[in-house]
Amino acid sequence: MVEQRLRSLFIHSAAQVVTLAGPRRPRVGREMEELGLIENGAVLIEGDIVAAVGPADEVAAALPDTVKRWDARGLVVLPGFVDAHTHLVFAGDRVQEFELRARGLSYEEIAHRGGGIRTTVRQTRAASEDELFELARHRLRWFLAHGTTTLEVKSGYGLSRQEEVKLLRVIRRLQQEGPLEIVLTLLAAHVVPEEYEADRSAYLRMIIEELLPDVAREGLAEYHDVFCDVGAFTVEEARILMEAARAHGLKLRVHAEQLAHTGAARLAAELGARTADHLDRVTEADIAALAEAGVMAVLLPGACFHLGRRDYPPARKLIEAGVPVVLATDFNPGTSPTPSMPMILALACTQMGMTPAEAITAATINAAYSLDRGHRVGSLEVGKQADLILCEASDYRHIPYFFGVNLVRAVFKRGRLVYDRAREEQAFRE
Ligand code: NIG
Ligand code: FE
């Protein structure tokens, strides 16, 4: 019998199972608070999928005694986090600039003096593909330990035909290695590199005529992103790039309205981008346009926090207007060096007025839809992939409440135990 060949695991007696069961589309407005919570819940995993989920006694009644069990007493079970915006692959760090900011310099001033993204580009170009792979692989362990099971990863610190392809190959190797599921995004349009300073249009031509065809031919990216902001690319440049990317079959994401209001959010709406990310300076009219076009808003409060800003994106206005909101880390060396989704949830609740339930929806099912994977991951429903985490908490709200503490005990990806804190602690003691 097929059933006997499948690995089964019955996770039972959880204080709460957060299922996120609901309509098969991004959650908007009041729906963002509907977690499909089950007290004293259970999840049955068969192979790599969720075979049953519900109250522990109901699920247990249908099971043979021989099935492997995991007692989740005192734990909350929820879908693995989906981090829909990261810049995972880079060499070096920006601690010097971090200290300069602590001494009063702004991110923009540092970038204007040749630092910022360009600092990381210099360090990243000097690193080999293998070195970058090892660095990123090590960081992926941090993501996993904080409960992330799927993440989007952008290129963007190579900024030449060869160097961007090098980064995408690193990301593809990480994707092939697993266990985390990775979604690839080309961000050659991060800033104009030094060598094209005098001729910006030549850099755009390189992306459009050389890099995009290379990337499309090798199937190296699923999405295209552009940093449309002061000091980066204008709305007109972004439009040209996005249209070219779309013509090569890439889907669109945009860094929009982070440092200044430029009109990038409107452009995202006009071109039907999947997401507009950051949105710190978005206006009411922009919000209406995003809602109308069905563009999802990826909010990145880690960047505001790390830059010491107080003007967080207007999450409440976006939710009230019916824009599906997503939360992500924006993991990068310049503005948000955190791999921790729980920390992002804490910031969403304390700095943007999102409720804990809205924050969890934004970090799981909505994030999954923003990566076109909502049919498969982001909720615990029968038939979906068994990507789930067990947290040391008796109430899901403990996750954003105990900020700065990692409550994640165990992580399952495609039904397999891929992180177990008890084992890591044991290995540390040995
Ligand atoms: O998302 N805004 C552009 N990109 C990153 C920052 C990258 C960097 O400073 O290295 C961001 O915040
Ligand atoms: Fe970013």
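Quick summary incoming for the structure in this document. What you are looking at is a predicted structure, and each value in this text was computed from that prediction instead of being measured.

## Examining the state of the cysteines
On inspection of all chains with the given rule, the structure shows 0 disulfides. The thiol of Cys304 is unpaired, and the distance to the nearest cysteine sulfur, on Cys349, comes to 15 Å. Summary of cysteine pairing: Cys349 is not part of a disulfide, and the nearest cysteine sulfur, belonging to Cys391, is at 14 Å.

## Side note on the pairing of strand S14 (residues 388–391)
In S14, alternate side chains face the same way, and those of Leu388 and Leu390 on one face and Ile389 and Cys391 on the other are all buried. In terms of strand pairing, strand S5 (residues 76–79) meets S14 through 4 bridges, oriented antiparallel. Within S14, the position partnered with Leu78 by the bridge is Ile389. Where S14 meets strand S15 (residues 408–413), 4 bridges bridge the pair, whose relative direction is antiparallel. Of the residues in S15, the one forming a bridge with Ile389 is Val411.

## Quick word on the coordination of the iron ion (ligand 2)
Ligation of the iron ion (ligand 2) by protein atoms is provided by His85 (NE2), His87 (NE2), His255 (NE2) and Asp330 (OD), these donors lying 2.1 to 2.4 Å from the ion. Considered as a linear motif, the donors of the iron ion (ligand 2) on their single chain read H-x1-H-x167-H-x74-D. In this pair, His85 is assigned in the loop between strand S6 (81–83) and helix H3 (95–102) and Asp330 in the loop between strand S13 (325–327) and helix H14 (341–352), connecting sequence segments 245 residues apart.

## Looking at unusual backbone geometry
With an omega of 0°, the peptide bond between Gly178 and Pro179 qualifies as cis. For Asp330, which is not glycine, the phi dihedral falls at a positive 60°. We classify Asp330 as buried; its relative accessible area is 1%.

## Brief notes about the pattern of salt bridges
Summed over the entire model, instances satisfying the criterion amount to 43 salt bridges. Residue Asp130 is joined to Arg173 by a salt bridge in which the shortest nitrogen-to-oxygen separation is 2.9 Å. In this pair, Asp130 sits in helix H6 (residues 129–145) while Arg173 sits in helix H7 (residues 161–177), placing the two residues 43 residues apart along the sequence. With relative accessibility at 48%, the residue Asp130 sits in the partly exposed group. Its salt-bridge partner being Lys251, residue Glu222 comes within 2.9 Å of it at the nearest N-O pair. With Glu222 in the loop between helix H8 (200–218) and strand S9 (223–228) and Lys251 in strand S10 (residues 251–256), the pair connects residues that are 29 residues apart, well separated along the chain. In this structure Glu222 comes out as partly exposed when scored by relative accessible area, which is 23%.

## A look at the site of ligand 1
The immediate surroundings of ligand 1 are formed by 15 residues, with Arg94, Tyr107, Tyr157, Gln258 and Thr335 found nearest. In this structure, Arg94 approaches ligand 1 through a side-chain N or O atom, which is 2.8 Å from an oxygen atom. Between ligand 1 and Tyr157, the relevant distance is 2.6 Å, taken from an oxygen atom to a side-chain nitrogen or oxygen of the residue. Notes on ligand 1: free accessible area 320 Å², of which the protein chains cover 100%. A breakdown of the residues in the shell around ligand 1 according to their chemical character gives 4 nonpolar, 9 polar and 2 charged.

## Concerning the sheet that holds S9
The strand order S6-S7-S8-S9-S10-S11-S12-S13 describes an open sheet built from 8 strands, whose pairing is parallel. The open sheet has two edge strands, S6 and S13, and neither has a second partner. Across this sheet, the average inter-strand angle for adjacent strands is 25°, counted without regard to direction. Where S10 lies against strand S11 (residues 275–278), 4 bridges are found, and the strand directions are parallel.

## Focus on a nonpolar patch on the surface
A cluster of nonpolar side chains, Tyr401, Phe402 and Val405, forms an exposed patch at the surface whose accessible area comes to about 320 Å². Tracing the chain through its elements places Phe402 in the loop between helix H17 (398–401) and S15. We classify Phe402 as partly exposed; its relative accessible area is 38%.

## What about the nonpolar core?
Of all hydrophobic cores here, the largest spans 129 residues; its most connected members are Val89, Leu279, Leu327 and Met354. With near-sequence residues (within four places) excluded, Val89 lies in contact with Leu132, Ala136, Arg139, Val153, Tyr157, Leu167, Val170, Ile171 and Leu174. Ala72, Leu75, Leu390 and Phe412 belong to the second largest nonpolar core, which has 17 residues in total.

## Thoughts on helix H9 (residues 235–247)
With 13 residues, H9 should cover 18 Å at 1.5 Å per step; its first-to-last C-alpha distance of 18 Å lies within 8% of that length. Looking at H9, one finds that the buried residues are Val235, Glu237, Ala238, Arg239, Leu241, Met242, Ala244 and Ala245. On its buried face, H9 sits against strand S8 (181–189), H8, S9, S10 and helix H10 (264–271). Two residues or fewer past H9, Gly249 is found with a positive phi of approximately 85°.

## Side note on the pairing of strand S2 (residues 37–46)
Where strand S1 (residues 8–18) and S2 come together, 8 bridges link them in antiparallel fashion. What sits directly across from Val18, in S2, is Leu37. Bridge analysis of S2 against strand S3 (residues 49–55) gives 6 bridges, and the strand direction is antiparallel. When the bridges of S3 are listed, Ala42 appears paired with Gly54.

## Some remarks on the environment of Tyr107
Topologically, Tyr107 is positioned in helix H4 (residues 107–112). Linking Tyr107 and Val295, residues 188 residues apart in sequence, is a C-alpha distance of 28 Å. Not counting chain neighbours up to four residues away, the residues in contact with Tyr107 comprise Arg94, Arg101, Ile117, Leu259, Leu307, Gly334 and Thr335.

Definitions and limits used
Residues numbered from 1 in each chain as written. Chains lettered and ligands numbered in written order. Predicted model: local features only at pLDDT ≥ 70, side-chain atom pairs only at ≥ 80, totals over all residues. Heavy atoms only, no water. Disulfide = S-S within 2.5 Å. Buried < 20%, exposed > 50% of the residue type's maximum accessible area, 1.4 Å probe, protein only. Helix = DSSP H or I, 4+ residues; strand = E, 2+ residues; numbered from the N terminus. Pairing = 2+ DSSP bridges. Donors = N, O, S within 2.8 Å, 3.2 Å for Na, K, Ca; no water. Salt bridge = Lys/Arg side-chain N within 4 Å of Asp/Glu carboxyl O. Near = heavy atom within 4 Å. Polar contact = N/O pair within 3.5 Å; in protein donor to acceptor, adjacent residues only side chain to side chain. Areas by Shrake-Rupley, 256 points an atom, 1.4 Å probe, with all protein chains shown as cover. Nonpolar A, V, L, I, M, F, W, Y, C, P; charged D, E, K, R; others polar. Axes fitted to C-alpha atoms, helices over the stretch in contact; angles between N-to-C directions. Patch = residues over 30% accessible without salt bridge, like charges linked within 9 Å, V, L, I, M, F, W, Y side chains within 5 Å. Core = buried A, V, L, I, M, F, W, Y, C linked by side-chain atoms within 4.5 Å. Contact = heavy atoms within 4.5 Å. Expected span 1.5 Å × (residues − 1).

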